Amino acid sequence: MREIVILGSTGSIGRQALDVVRRFPDKMRVVGLAAGSNWPLMAEQVREFRPRVVALAREEAVRELERHLPPGDLPELFWGAEGLVTVATSIDSGVVLNALTGTVGLLPTVAALEKGLDIALANKETLVAAGELVMKLAREKGARILPVDSEHSAIWQCLAGQPENRVGKIILTASGGPFRKEPADLSRVSVEAALAHPNWRMGKKITIDSATLMNKGLEVLEAHWLFSVNYDQIEVVVHPQSIIHSMVEFVDGSVMAQLGLPDMRLPIQYALSYPDRWPSDLPRLNWFAAGELTFEPPDTNRFPCLALAYAAGRTGGTMPAVLNAANEIAVGAFLAGEIGFTFIPRLVAEVMEEHRVVSEPTLEEILEVDQWARRVAREKARR
């Protein structure tokens, strides 16, 4: 029986992960759950999965949760950043699925790795902001980083059993988002239109990142750390059908790809079951209904966030943390109606230009830079 902790259990990835657990009651048991402030949904999850420990972002949400659970059968309840760390380290073996959004996911990841726990990682910001530190810690503690993003899961599967020096290029596929071709003028697109992703159903932040192509930029940074390849070996290809999830080109020119329906439960299940593959009843790809598979280069003039991410990665040090933090604030401001869609990359670029890079940062310096970038980005968003 594999013990599972899910951080971000009320979000899109967290809910789908629980659906995977629900399908394998004889193989997995949920020990800990953590989320933001959605205590009503957390109450439902606690009643069904009966975890030992639970954390929410704020004490008030925890008190509401406590009032709506049977008094004689409560899990241990925690809140805040310390609560996240407590839940993340509540098992001695098993898998911690980090499906949190933002750099709030960094500290519980580090804490779990310090304990030698495997991390099923759906929290991009962990590797974007602190990739070198996190990967080094995982190696030192003998812990595994198990990719959950469909793209990185695809690469991971294609690389199974292959030495690193056999890789010529990693090819990350991107759907292109809702504005791949239209409208010509992106300055007036609405929040509702940006949230209407053509293929995937995800949380708001990642959906906006997909619309700006920043999501693919963050995945480039992740791929650099996960698979030990330089940025010149990472190519982004727009594949609107989202059937090929990513590819690896080897040094001899052979290309391996992983294909499947755009359903996040498949890469989640693979990460939670690794190194096994468990039979499932998830929908299968119908080859005769799939239609044409097409490919095109990304338009970095319309979507400059992708180029910003490459630039941040090549600069290194604390610059990726600045990119990530500024983008989180910019996306939040767009969702709140405070800035337009095209101001997202402009704001990120301006914050990056003002940053003095720390080349080999500590965790404390990364967190300080993260807060600095957020503060500067908020000031620029209010102008």
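In short, a report on the structure. Note that the coordinates shown come from a computational prediction; the quantities given were computed from them, not determined experimentally.

Take the packing of aromatic side chains next. Under the defined criterion, the tally for this structure stands at six aromatic pairs. Considering the side-chain rings of Trp156 and Tyr270, the 4.9 Å spacing of their centres and the 65 degrees angle between planes classify their relative orientation as edge-to-face. Within this pair, whereas Trp156 is found in helix H7 (residues 150-158), its partner Tyr270 is found in helix H11 (residues 265-273), the two being separated by 114 residues in sequence. Assessed through its relative accessible area of 14%, Trp156 is described here as buried. The class for Tyr270 is buried, based on a relative accessible area of 11%. Through a chain of ring-to-ring contacts, three or more aromatic side chains come together here, namely Trp156, Tyr270 and Tyr274.

Taking 1.5 Å of rise per residue, 18 residues should cover 26 Å, yet helix H6 (residues 124-141) covers just 21 Å from first to last C-alpha, more than 12% shy of that figure. At Ala130, H6 shows its maximal bend, which comes to roughly 105 degrees. Of the residues making up H6, those classed as buried are Lys124, Glu125, Thr126, Leu127, Val128, Ala129, Ala130, Gly131, Val134, Met135, Leu137 and Ala138. Note on H6: the residue one or two positions beyond its end, Gly142, has a positive phi of about 70 degrees.

Another aspect to go through is the sheet that holds strand S6 (residues 118-121). Read from one edge of the open sheet, seven strands run S4-S3-S2-S1-S5-S6-S7, paired in parallel fashion. Strands with a single pairing partner mark the edges of an open sheet, and in this sheet they are strand S4 (76-79) and strand S7 (145-147). Each strand of the sheet is rotated relative to its neighbour by a mean of 25 degrees, with strand direction disregarded. Bridge count between strand S2 (residues 28-34) and strand S3 (residues 53-56): three bridges; the pairing is parallel. The residue bridging Gly32 from the neighbouring strand is Val53, located in S3.

Each value, and the rule that gives it
Going along each chain's sequence as written, the residues are numbered from 1 onward. Thresholds applied to this predicted model are a pLDDT of at least 70 for local features of residues and 80 or more for the giving and counting of side-chain atom pairs; totals over whole chains, interfaces and linings are not thresholded and use all residues. Values shown for side chains rest on all heavy atoms present in the structure; no hydrogens or waters enter the calculation. Between the rings of Phe, Tyr and Trp (Trp by its six-membered ring), a pair exists once the centres lie within 6.5 Å; its type follows the angle of the planes, with under 30 degrees stacked, over 60 edge-to-face, and the other angles tilted. In DSSP terms, a helix is any run of H or I states spanning at least four residues, a strand is any run of E spanning at least two, and both are numbered starting from the N terminus. Exposure categories follow from relative accessible area, calculated using a 1.4 Å probe and restricted to protein chains: below 20% of the type maximum is buried, above 50% is exposed, and the middle band is partly exposed. Between the first and last residue of a helix there are one fewer steps than residues, each counted as 1.5 Å, and that sum is the expected span. Bend angle per residue: angle between axes fitted to the 7 residues ending at that residue and the 7 residues starting there. Here, a strand pair is defined by DSSP locating no fewer than two bridges between the strands. Helix axes use the C-alpha atoms of the stretch in contact, all axes being lines fitted to C-alpha atoms, and the angles between their N-to-C directions lie in the range 0 to 180 degrees.

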